[in-house]
Structures are given as C-alpha cells and as structure tokens.
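# Residue-level structure breakdown
Below are the chains, spelled out letter by letter.
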Amino acid sequence: MAYSRLQKLASYIRPHWKQALLGIFSLLVVNALGVYIPLLIRNGINDLESANDLSPIIGLVFLILGLASVMWVIRMASRILLFGVGRQVEFDLKQNIFEHLLTLEPSYFSNSRIGDLINRATSDVDNIRRLLGFAILSLANTVFAYALTLPVMLTINVKLTLLSISVYPVMLILVQVFSDRMRDEQMHVQEKLSNISDLIQEDMSGISLIKIYAQEENEQRAFERYNQELFSANLSLARTRNILFPILGGLASLSLLILLAVGDKSIAQGELNVGDFVALVLYVERLVFPTALLGFTITAYQRGEVSIDRVEAIVSVKPKIHDHLDPIPLSTPVKGWLTARDLSYSYPGDKTPALDRVNFTIKPGEMVAIVGPIGSGKSTLANALPRLLDIEIDCIFLDGQDITQLRLLELRNAIAYVPQESFLFSTTIRENIRYGNPLADASEIEFAAKTAQIYGEILNFPQQYDTIVGERGITLSGGQRQRTALARALLVDAPVLILDDALSSVDNQTATEILQNLTTGKQRKTVVFISHQMSAAAKANRILVMDQGRIVQEGNHDQLVQQKGLYQSLWNQHQLEELLI
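Residues numbered from 1 in each chain as written. Predicted model: local features only at pLDDT ≥ 70, side-chain atom pairs only at ≥ 80, totals over all residues. Heavy atoms only, no water.

In the nomenclature of an unreviewed UniProt entry, the chain is known as ABC transporter family protein of Lyngbya aestuarii BL J. UniProt's Subcellular location (unreviewed entry) comment on the chain is quoted here verbatim: "Cell membrane". (UniProt positions renumbered as here; feature names shortened; annotations may be inferred.)

### Some details on the nonpolar core
Grouped together as the largest cluster of nonpolar side chains are 48 residues, with contacts concentrated most on L486, L497, L499 and Y567. A total of 6 residues in this core trace back to one element, the largest contributor, which is helix α17 (residues 478-491). Those residues in contact with Y567 that lie beyond four places of it in its chain are V371, M534, A538, I543, V545, Q553, H557, L560 and V561. Formed by 33 residues, the second largest nonpolar core is a distinct cluster that contains M171, F178, L256 and L259. (Core = buried A, V, L, I, M, F, W, Y, C linked by side-chain atoms within 4.5 Å. Buried < 20%, exposed > 50% of the residue type's maximum accessible area, 1.4 Å probe, protein only. Helix = DSSP H or I, 4+ residues; strand = E, 2+ residues; numbered from the N terminus. Contact = heavy atoms within 4.5 Å.)

### Here's the deal with α17
Owing to its 3.6 residues per turn, the α-helix aligns residues three or four sequence positions apart on the same side. When the terminal C-alpha atoms of α17 are compared, their 20 Å separation across 14 residues agrees well with the 20 Å that a helix rising 1.5 Å per residue should span. Across the 14 residues that make up α17, a large majority, 12, are buried. Every buried residue of α17 is accounted for by G479, Q480, Q482, R483, T484, A485, L486, A487, R488, A489, L490 and L491. Check the buried side of α17 and you find it contacts β6 (415-418), α14 (429-433), α15 (442-451), α16 (455-460), β7 (496-500) and α18 (508-518). Downstream of α17 by a residue or two, D493 has a phi angle that is positive, lying close to 55°. (Expected span 1.5 Å × (residues − 1).)

### Considerations on unusual backbone geometry
With phi around 60°, D394 is a residue other than glycine that occupies positive phi space. Take D394: it is sitting in the loop between α12 (378-384) and β4 (396-398). On the accessibility criterion, D394 (46% relative accessible area) is partly exposed. Of note, D399 is a non-glycine position whose phi angle comes to about 55°, a positive value. The residue D399 is located in the loop between β4 and β5 (401-402) in this model. For D399, a relative accessible area of 16% corresponds to the buried category.

Here it is as structure tokens:
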C-alpha cells in the first residue's frame, strides 16, 4: 500500500519533474554551502590562535557573509520551486477529479455524499499539495543535511559524532510507533469533515423545506453533533502530535547537550582543538532543525497519505457507461425512430427488475404517452433511452442502430431529455435556457420560450431574461421551473424529446398546448411523454400503459378507455378527481 502511494506521488510529480528536480538540486547546493561554511569558521578560529594579523580574518568574514547570502537566495528559490510544484499538482488534481466526475453515470452521485466528494476535491487535494510542497522540501533537506554533514563530522571526531547522534535511533523508533496511530486519526478527521460538508450542502439546498417544517433547531443540533465529533477527532490528533513532537524536539536538542558535555574534556585532553569543536557544534545545530522538523513532516505526510487514498477512491472508479471501443457513427439526419426489444433492467441489489422484457416501436414524429402507477418503470425507461443507465446491448435502437454502439455525444445530441426534477443553475433565465446551446441568439431563445409557454411570464420579470433564478431555480414557481427546463431542451432542437413527468406542475390546458406545439409544424419531433396527467396523455397519438416494469396495454385513448384494464381504471380515477376539484 505504501509503495502504491509513492507510485501515485511520482505520477503526480512526473509532469513537473524538471521543476521538482531543480528545486531538489537547489537544496543540495544549500546544504553543501551549509557544510562548507562551518569549515571556514573552523579554519578562521584556528588561524586566530596563531596569527597576529586580522586582515585574513576580515576577508574570511566577508566570504562567509557572501556565501550565507548566496545560500539564502538559493534556499528561497528552492522553496518557490518545490511549493510551486505542489500548487501545480493541486491544479492538476482538481481538474482531473472534476473531469472524471463528469464521466460518471448519475447513479454514482445518487449513491455518494456530495459534501464528501466536495471535501475530497478541496481539503484532501490541499493536503496532497502540502505533502508535495512542504513535506518533500523538508524530507529532501533532512536527507541532504545528514548525507553531507555526518561524513564531515566523522572526519573531525568519530567519538563525539557518534555520541551526539546516539539519540536519533530513539527518534526513528518513536516515529514508527506513532505513525499508524496518526494515520488513523487523520482519516477520522477527514471523515468527520466530510460529514459537516454534507450537512451544510444539504441544508443550504433544502433551506425552504427547513423553514416550512420549522426544523431550524433540529438542524442546529445535527450540526452541533457533527461539529463536536470533528472537534473530538481534531483534539485526539492534536493530543498525539503534542506528545510526539516535543519529545522529538527534546531528543534533537539532547544531542547538542551531549556534545557540549563531552567536548570540553576532549579539548582539555588535546584530542580536539577549539576550531573543530565549534565546527561540530555548528554541525549538530544544523541537524537539530531538520530533525525537530521531522514531526511536522510526518504530519504532512500522514495527511497526504490519507488524502491520496481518498482522492484515488474517486478517480479509480471506472465509468459503467462509456463509448464503445469501436463506435459506429449515427446516421444523419436523425429521424427519431425508437425501438425496444426485450429491454430489461434491474437496479444493483434489487432482485425485482425495474424493466421486464419491454418491447415497443415509436415512429418518427409520433407522440407516445407512457402512463402507469408509481413504480411501474416509467422513469427507468426514460433514463434508459438516452443511455443514462447501463443497459444491455441489442435492447434499444435509434433509427435502427443499437444505442450502446453509438458515441454517447452523438446519442445525447439526438435526444433532448427533461427529467422529473427540473434542475436549474443559479444563473440567469437566459443562461439556463441556452445551456445546451451556448451560442444561441436572442430570437432562438425567445422561440424556445414561446413553444414552452413561458415567454409571457419571463417578460413580466423585472430583469426579464437576465433574472437570476437562484439556487436550483428557487425564485421560480414549480411550473415556471419546468417550462424553463423544457425551453432549454427545445433550444437544442433534438429530433427526439423525452418528457419524464416534466409538466406535472403545469395546468392541463397549458400542458396540452405545449404538446400540440411539439407535434405540429414542419419539424415534428418524436415525443415520449411520461405523465400522470391523463387528460394531456389522452391527446397523444399512442399510449403505452406500464405496470410492474412491463407494457400491459397499448393503443390510443379511444381504444384503451373502452378496454377493461389498468388504463380504464386510471382514467376513471382521473375523471373522479376532476369532479371533486
């Protein structure tokens, strides 16, 4: 697992390897200068003991100042380079995650928590950025510090060097002991943070429902509970860090105390001169900082390690619905001839099929209504036609071509779909209507609005087409949202139009007028109209009646209303409701 994470890190860095390599090389130069300067100081001190002229010492001082300045500039350059790599990886990951999410089918988002996905694409990516910036810089700096400093220390005095670094194995053991615990605690923190993100996202989207049912206090308590869990998780992680890091810092400083305690005896016994002792002190101090920083490096690594797993859990998901390996081009012009042959579909984990051997043929330009009780499979069929579900091959055909063999882009450009939920983006009415055709001009937008029977109401809005509809279209009524979504579908001018109960909030007369607009004129569309509005469905050329995933009746209104069966029952129920109203 650890090796696979390192492989992932390498793959993140690979596009920016030149910049990363230059940053690491800069650290090598910095550490080389950091090793060379104490040697110059040692030589200067030794020269002071025997020389009467201070002029060489003054020159040495200026040389050391010059080298220290160069070292500072190169160190800043290394930080900019390595932190820049982290920022570039952050940009790449966010872009890749978003692009990958767009390839996944709607069912993935139905089974995932949106707040958690947002948290992974933001907080977790930020942790990886820190790992690739701060952690790599600290790790490379520590490696170079030890690799370059220890050999020089050993050439000065082996005994003192070994005594001064004798505490470091204890530090490494402590790091290993606390490593798994910190990783688990960091994972716990990220999970609790995702819970809060989920709650905020849901509450902001459903604020009207919260107000209607006066559930503000319950939501406050739910947030308080999640916030308390996050607080406890952070406190547990902080407790572990506050135990480990001071111990690491104390052990690192202990090496300097050992050197000071033993070094004076070596000087007194003539085993070590003052210049060498000062150099050793400077070298040990050079090792104290990167060693003490090891704790913070571990934190960044643990966070990054957890976040890599969480991010990869998203990008490793393979889309179930994708283009065929050898797609066939869709014949043009598209006529809109739809056929289903023994179409069956079961949702994952559900033993009862949502669609059970469905067969039908819909001719080009025909308006077919699909009616039936709730749960009969109508919406599943609507989602299957534009291949929003992972259906089997040779089940649905568009103009005689198997839709699983077509490119998804071509298929969905040929089918306009208005689902049950009339989702609108929090932008203007104009931008919502032309979402599927961003280059549409004003006349095209107005024609779509007129066909969807929303044109007059838009003109009554204060800002007309520039009116902001708010989050999910909250400022519009249900009927206005549905007709705006319909206008959006009409603007793309696809030969096939699927309406999945998309006029449920529109009165029967307006719904009937809209359907008449869709099935008249020179460019008639193939319309699949799924609805519980029986009076509007009755105007269709043909009606398919569904029950328990099957088509149980088929014909026009006059034929079906005379037959004993489900349609007659639905129509009689509709008539009764009309009388009661």
